Amino acid sequence: MKSKQELRLEYKTKRCQLSLEEETALNEQLLSRFTKLDLSGVEFLHIFIPIGKYHEPNTYLIINYVQEFFPQIKIVVSRSNFDDYSMQHFILDEHTLFETNSWGISEPISGIKVASSVIDMIIVPLLIFDLFGYRVGYGKGFYDRFFSSCKVGVQRVGLSFFNPIDVIADKNEYDVQLTKAITPDHIYHFFDDK
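Residues numbered from 1 in each chain as written. Predicted model: local features only at pLDDT ≥ 70, side-chain atom pairs only at ≥ 80, totals over all residues. Heavy atoms only, no water.

Undergrad: Can you help me understand the overall build of the protein in this one?
TA: Within the protein, the regular secondary structure consists of four helices and twelve strands. Taken over C-alpha atoms, the radius of gyration comes to 16 Å for the protein, in line with the 16 Å a tight globule of 194 residues would show. The dimensions of the protein, computed from C-alpha atoms along their principal axes, are 45 × 40 × 35 Å. Counting across all 194 residues of the protein, residues that qualify as buried make up 48%. Long-range pairs, those at least 24 residues apart, make up 68% of the contacts in the protein between residues at least 6 apart in sequence. The averaged location of the 26 negative side-chain charges in the protein is 3 Å from the averaged location of its 20 positive side-chain charges. (Helix = DSSP H or I, 4+ residues; strand = E, 2+ residues; numbered from the N terminus. Rg over C-alpha atoms; globule rule 2.2 N^0.38 Å. Buried < 20%, exposed > 50% of the residue type's maximum accessible area, 1.4 Å probe, protein only. Contact = heavy atoms within 4.5 Å. Lys, Arg positive; Asp, Glu negative; His and termini not counted. Charge placed at Lys NZ, Arg CZ, Asp CG, Glu CD.)

And the structure:
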């Protein structure tokens, strides 16, 4: 069993070692899996904007898919506050303005604010997850704090280029399980808070 820190280093490296062709194929497979999700009860879908230098899954493919086939769903993106590790949420539309912060992350700087309590599904960034639905992120705790402010029943869907490991050695009481995780090969179901 490996610790979060060991896994963070290992999977950051693995992502950076993917060729452009491999990454492109994996992103297309993730989109194909995403299209199998039931979005019928989703009014507000929160999604992360990918950080290119970290080779995160290309969520723009999912955004474009949802905008084309589910125009009634409001897509929500966030701006992070590194002072208190909180997030502000904004509806993504043609008026949303973005700027790149000091960490190299593209974030909304204006738009229609949304309370976390209305969000129905969250597409969650991660480096790796385990068979119990626990994830390794970047270690700042933004998403675990965000989850605690959401309604019961919010779907937490991880996106991963890699299949799960058996178990994360040092998970703790602050770690929140995913309800689902999507890999290029499979959709993993952990539980639903319904």
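Undergrad: Explanation requested: the pairing of strand β10 (residues 155–159) in the structure shown.
TA: Along any regular strand the residues' side chains alternate between the sheet's two faces. Most of β10 sits out of view: five of its five residues are buried. Residues Gln155, Val157 and Leu159 of β10 are buried on one face, and the alternating residues Arg156 and Gly158, pointing to the opposite face, are buried as well. Taken together, the four bridges between strand β7 (residues 121–124) and β10 define a ladder with parallel strand orientation. Following the sheet pairing, methionine 121 is matched in β10 by glutamine 155. Across three bridges, the pairing between β10 and strand β11 (residues 180–182) is parallel. Counted as the bridge partner of valine 157 is lysine 180 from β11. (Pairing = 2+ DSSP bridges.)

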